[in-house]
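Below, each chain spelled out in residue letters.
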Amino acid sequence: METALQTSPFIQGVEYLAIFFCGMGGGLAAVRKQYDMFTIIITAWLTALGGGIIRDVLLGAVPPVGISDRVSVLTALAAGCAVAVFHPEVDKMKWSMLAIDALALGLFAVNGTSKGLMYNTSGMTAVFLGTFTAMGGGLIRDILLNEVPMVIRDRHWYIMPAVLGSMLTVLAWRWQARGAISLQVEMVLDIVIVLLVVAMRICSVAFDWQLPGAVPRSR
Amino acid sequence: METALQTSPFIQGVEYLAIFFCGMGGGLAAVRKQYDMFTIIITAWLTALGGGIIRDVLLGAVPPVGISDRVSVLTALAAGCAVAVFHPEVDKMKWSMLAIDALALGLFAVNGTSKGLMYNTSGMTAVFLGTFTAMGGGLIRDILLNEVPMVIRDRHWYIMPAVLGSMLTVLAWRWQARGAISLQVEMVLDIVIVLLVVAMRICSVAFDWQLPGAVPRSR
Amino acid sequence: METALQTSPFIQGVEYLAIFFCGMGGGLAAVRKQYDMFTIIITAWLTALGGGIIRDVLLGAVPPVGISDRVSVLTALAAGCAVAVFHPEVDKMKWSMLAIDALALGLFAVNGTSKGLMYNTSGMTAVFLGTFTAMGGGLIRDILLNEVPMVIRDRHWYIMPAVLGSMLTVLAWRWQARGAISLQVEMVLDIVIVLLVVAMRICSVAFDWQLPGAVPRSR
């Protein structure tokens with residue numbers, strides 16, 4: 001079974017790219033803490049594919065893509081090897097990494113949601129699955145390295161764009177299922193959603209947009 | 001499939017109440033660390049429903065209730081929103097929160113065990129599932145916020161009442177299955193078990209009852 | 001279904017021994033932090049059987065052995081009780097514990113891989129499952145106790161022997177499946193692989209063999 005996005009080889013290619021750069025980001029965190037090669041590679045792999053592993057376990061789609069899809073796994077492992085060599089360069093590409101991370105956020109949210117819908121989950125369940133796919137990798141990476149997860153700590157928009165993107169994906173899917181739009185239009189909409197998530201995440205960091213915390217009241 | 005407890009609308013209502021207050025407790029932990037709205041809501045949801053998610057994954061009952069049962073999910077999300085506004089009040093209700101947390105411990109243990117038994121697991125497996133349902137949410141919350149989990153740290157009775165309650169639930173179930181007691185009596189017994197767990201947990205904190213640690217011996 | 005190794009009662013016995021000592025190691029970590037009896041026992045159980053639980057969830061073999069196989073569970077719980085009494089002795093057996101931990105690493109890797117293969121996973125998936133089985137328990141223990149996991153931190157060989165052992169197990173399985181070797185020879189090979197993993201882990205600590213980190217380059 002393939003999601004609307006995955007019917008296009010171009011989008012497939014972009015997804016492997018997202019896995020690769022997402023893995024590089026994960027590996028970099030391990031490089032910074034001076035861990036050894038195996039830890040770097042394992043961290044890269046879990047960051048890139050951990051979200052999908054959570055999604056597949058929650059869906060009962062086992063064994064998960066993250067340990068069974070050869071191209072995804074090799075892409076993630078290659079990212080770990082690459083960052084072990086090119087870490088100074090990756091470290092300097094601060095804004096590029098942010099953009100790539102945002103791209104992964106959007107792609108993983110849309111694809112995770114679509115996979116849920118293909119397994120006939122309700123829209124609500126699919127939104128949870130899309131959100132987990134998008135934020136799971138970073139969550140696992142930070143738990144592994146014993147830090148407060150970035151998705152928790154970061155006051156810029158992170159989970160919110162993923163949730164919104166997942167919701168919009170459900171809408172697009174439903175329109176297509178009702179015949180209101182064709183599969184091609186759904187694919188275009190999915191791409192627009194990915195770009196929207198990317199834009200929200202990047203703007204939020206660039207312009208320091210923050211979500212409010214709890215309503216401030218004296219205790 | 002419904003557990004004995006769930007055949008009663010009253011108990012169902014109490015369970016949603018437990019989810020709600022359990023979620024408020026989880027969200028409060030995020031409010032205290034000054035995280036943003038989305039983190040508060042996600043933490044509330046995972047605290048309230050994370051134990052059940054672990055149970056369902058271990059049972060293969062996917063997608064888990066925690067991402068597919070509309071009322072439970074909305075209750076947990078509403079708890080997150082509520083605590084973002086009413087955190088000063090929740091923060092003051094120290095003993096009430098303890099009582100509600102204890103109620104959730106008991107309800108989740110009994111319901112988790114019953115769900116396992118309904119899936120034809122052995123009694124031992126059901127006890128593990130009940131215990132996980134009861135303590136899983138708090139475990140996930142503390143791992144997310146990068147703290148030593150309360151179930152680990154707290155020297156008052158926490159896991160123990162849950163294990164005991166789960167064991168008694170297995171007994172009640174077996175009596176009913178053998179025809180020794182009716183479904184109504186089993187439901188009454190289940191309620192007694194919940195109250196017993198609540199009483200054990202509260203008394204343990206109130207009277208500072210602690211479990212012994214390792215046998216103290218000079219090294 | 002049984003793996004090649006499990007057809008031998010001798011190997012079965014050794015595996016329960018590995019579970020027992022692995023559990024003692026986990027419980028000891030909780031004893032050192034002065035936690036109570038229930039925490040010690042739960043930590044022992046999760047350290048001994050957590051890797052297999054992850055493997056079974058990823059395979060969809062639910063409920064996992066770690067909560068359903070009576071002998072394994074009782075062995076792990078007994079280990080927790082034992083270490084609560086004999087912690088000074090266990091603490092002194094530093095090298096013995098290392099050897100036993102290494103034995104568990106090897107046995108869990110070979111058995112985890114074999115179980116994956118029996119469920120008709122690809123070789124790559126089986127290697128991941130074997131590796132997770134071997135390192136999962138320690139991972140869970142350290143996440144529970146809120147420490148950087150030893151598999152991440154330890155610069156001596158840890159994940160690497162497990163990965164290598166899992167790969168060799170896949171080879172042995174394939175030779176047997178093609179009729180190149182008999183089941184008996186496969187079992188002997190499996191034992192050799194376990195011993196190889198043990199030797200690699202122990203030598204790495206004894207002679208301070210370390211894996212290289214990232215390629216050192218000025219930033």
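This is a predicted model, so every value here is computed, not measured. Per chain, the residues get numbers from 1 upward, laid out in the order the sequence is written. Chain labels run from A onward and ligand labels from 1 onward, assigned in the order the entries are written. In keeping with the predicted nature of the model, local features appear solely for residues at pLDDT of at least 70, side-chain atom pairs appear and are counted solely at 80 or more, and the whole-chain, interface and lining totals rest on all residues. In computing side-chain values, all of the structure's heavy atoms are included and hydrogens and water are not.

**Student:** What's the story with the overall build of chain A in this structure? I'm lost.
**Tutor:** Secondary structure summary: chain A contains nine helices and zero strands in total. Mapped in sequence order, the helices and strands of chain A form the string α-α-α-α-α-α-α-α-α. Counting only C-alpha atoms and orienting by the principal axes, one finds that chain A spans roughly 55 × 55 × 30 Å. In chain A, buried positions account for 59% of the 219 residues. Contacts in chain A between residues at least 24 apart in sequence constitute 75% of all its contacts with a sequence separation of at least 6. When the accessible surface of chain A is summed, it comes to about 8,400 Å², and 67% of that surface belongs to carbon and sulfur atoms. Charge convention: Lys and Arg are scored as positive, Asp and Glu as negative, and His as well as the terminal groups of each chain are ignored. For this purpose, a charge sits on NZ of Lys, CZ of Arg, CG of Asp or CD of Glu. If you average the places of the 15 positive and of the 14 negative side-chain charges in chain A, the two averages end up 8 Å apart. Helix and strand labels come from DSSP, where a helix needs a run of H or I of at least four residues and a strand needs a run of E of at least two; each type is numbered from the N terminus. Only protein chains enter the accessibility calculation, which uses a 1.4 Å probe. A residue is then buried if its area is under 20% of the maximum for its type, exposed if over 50%, and partly exposed in between. In what follows, residue pairs with any heavy atoms lying within 4.5 Å of each other are defined as contacts. The Shrake-Rupley method, run with a 1.4 Å probe sphere, supplies the accessible areas, and residue values consider only the shown protein chains as cover.

**Student:** Is there a simple way to think about the relation of the copies chain C and chain A in this case?
**Tutor:** In this arrangement, two copies of a chain are superimposed by a rotation about an axis accompanied by a shift along the axis. In the superposition of chain C on chain A (RMSD 0.0 Å, axial shift 0.0 Å), the rotation amounts to 120°. Viewed as a symmetry operation, the transformation between the two copies matches a three-fold axis. In this assembly, only 9% of the residues forming the interface of chain C have copies in chain A that are likewise at the interface, indicating a heterologous arrangement. In this comparison the copies share one frame, found by least squares on the C-alpha atoms of residues holding pLDDT of at least 70 in both.

**Student:** Sorry if this is basic, but what is going on with the interface of chain C and chain A here?
**Tutor:** Buried accessible area, meaning the area lost when the parts come together, often serves as the stated size of an interface. Taken together, the contact pairs 34 residues of chain C with 35 residues of chain A. Accessible surface is computed with a 1.4 Å probe, and the buried area is the amount of it that two parts give up when combined, taken over both parts together. Taken together, both faces of the contact between chain C and chain A bury some 2,900 Å²; the carbon and sulfur share is 68%. Within this document, salt bridges are pairs made up of a side-chain nitrogen of Lys or Arg and a carboxyl oxygen of Asp or Glu, the two lying within 4 Å of each other. On inspection of chain C and its partner chain A, the count reaches zero salt bridges. In protein, a polar contact means a hydrogen-donor-capable atom and an acceptor-capable atom, both N or O and within 3.5 Å, with residues adjacent in sequence counting only if both atoms are side-chain atoms; elsewhere, any N or O pair within 3.5 Å suffices. Linking chain C with chain A are seven residue pairs in polar contact (both at pLDDT 80 or more), by the criterion used here. Mapped onto the side of chain C that touches chain A, the elements with two or more residues apiece are helix H2 (37-59), helix H6 (123-144), helix H7 (150-153) and helix H8 (159-177) of chain C. The greatest single-element share of the side of chain C that touches chain A, amounting to eight residues, is contributed by H6(C). Along the lines of polarity and charge, the residues of the side of chain C that touches chain A split into 21 nonpolar, seven polar and six charged. Each residue gets one label: Ala, Val, Leu, Ile, Met, Phe, Trp, Tyr, Cys and Pro are nonpolar, Asp, Glu, Lys and Arg are charged, and the others, such as Gly, are polar.

**Student:** Looking at this structure, how should I read the side chain of Asp36(B)?
**Tutor:** By secondary structure assignment, the location of Asp36(B) is in the loop between helix H1 (9-32) and helix H2 (37-59). One buried charged residue, Asp36(B), forms no salt bridge at all, with the nearest opposite charge on Arg155(A) at 5.8 Å. Beyond its immediate stretch of four places on either side in the chain, Asp36(B) contacts Asp154(A), Arg155(A), Leu211(A), Pro212(A) and Gly213(A).

**Student:** When you look at the environment of Ile67(B) in this model, what are you seeing that I'm missing?
**Tutor:** Mapped onto the elements, Ile67(B) comes out in helix H3 (residues 65-68). Between the C-alpha atom of Ile67(B) and that of Gly52(B), which follows or precedes it by 15 residues, the distance is 9.9 Å. Beyond its immediate stretch of four places on either side in the chain, Ile67(B) contacts Leu58(A), Met124(A), Thr125(A), Phe128(A), Leu129(A), Trp45(B), Ile53(B) and Val73(B).

**Student:** What's the story with the packing of helix H5 (residues 94-118) of chain B against helix H9 (residues 183-206) of chain B in this structure? I'm lost.
**Tutor:** Helix packing geometry: the angle between the two helix axes and the distance between the axes. All names here are of chain B. Two numbers describe how H5 lies on H9: the axes approach to 8 Å, and their chain directions differ by 140°. Between H5 and H9, the crossing angle belongs to the class labelled oblique. Seen from above, H5 lies across H9 with right-handed handedness. Residues Trp95, Leu98, Ala99, Ala102, Leu103, Leu105, Gly106, Leu107, Val110 and Ser114 of H5 form the contact with H9, whose own contacting residues are Asp190, Ile193, Val194, Val197, Val198, Arg201, Ile202, Val205 and Ala206. All axes are obtained by fitting lines to C-alpha atoms, using only the stretch in contact for helices, and the reported angles, taken between N-to-C directions, cover 0 to 180 degrees. In this scheme, roughly parallel covers angles under 35 degrees and roughly antiparallel covers those over 145, while 65 to 115 is roughly perpendicular and the rest are oblique. The handedness criterion is simple: a crossing whose near helix is rotated anticlockwise from the far helix by less than a right angle is left-handed, and one whose near helix is rotated clockwise is right-handed.

**Student:** Explanation requested: the interface of chain C and chain B in the structure shown.
**Tutor:** Contact with chain C, which involves 35 residues of that partner, is made by 34 residues of chain B. Interface area for chain C against chain B, summed over the two sides, is near 2,900 Å², with a carbon-plus-sulfur share of 68%. Taken together, the links from chain C to chain B amount to zero salt bridges. On inspection of chain C and its partner chain B, the count reaches seven residue pairs in polar contact (both at pLDDT 80 or more). Elements that contribute at least two residues to the side of chain C that touches chain B include exactly helix H1 (9-32), H2, helix H3 (65-68), helix H4 (70-92) and H6 of chain C. The element that contributes the greatest number of residues to the side of chain C that touches chain B is H4(C), accounting for ten residues. Among the residues forming the side of chain C that touches chain B, the class breakdown is 21 nonpolar, seven polar and seven charged.

**Student:** How should the state of the cysteines be read in this particular structure?
**Tutor:** A disulfide bridge is the covalent bond that connects two cysteines by way of their sulfur atoms. Residues and elements named next belong to chain B. By disulfide we mean two sulfur atoms from cysteines, separated by a distance within 2.5 Å. The final tally for this structure, using the stated rule, is zero disulfides over all chains. Cysteine Cys22 shares no disulfide, and the gap to the nearest cysteine sulfur, in Cys81, comes to 16 Å. Of the residues examined, Cys22 reaches a relative accessible area of 11% and is grouped as buried.

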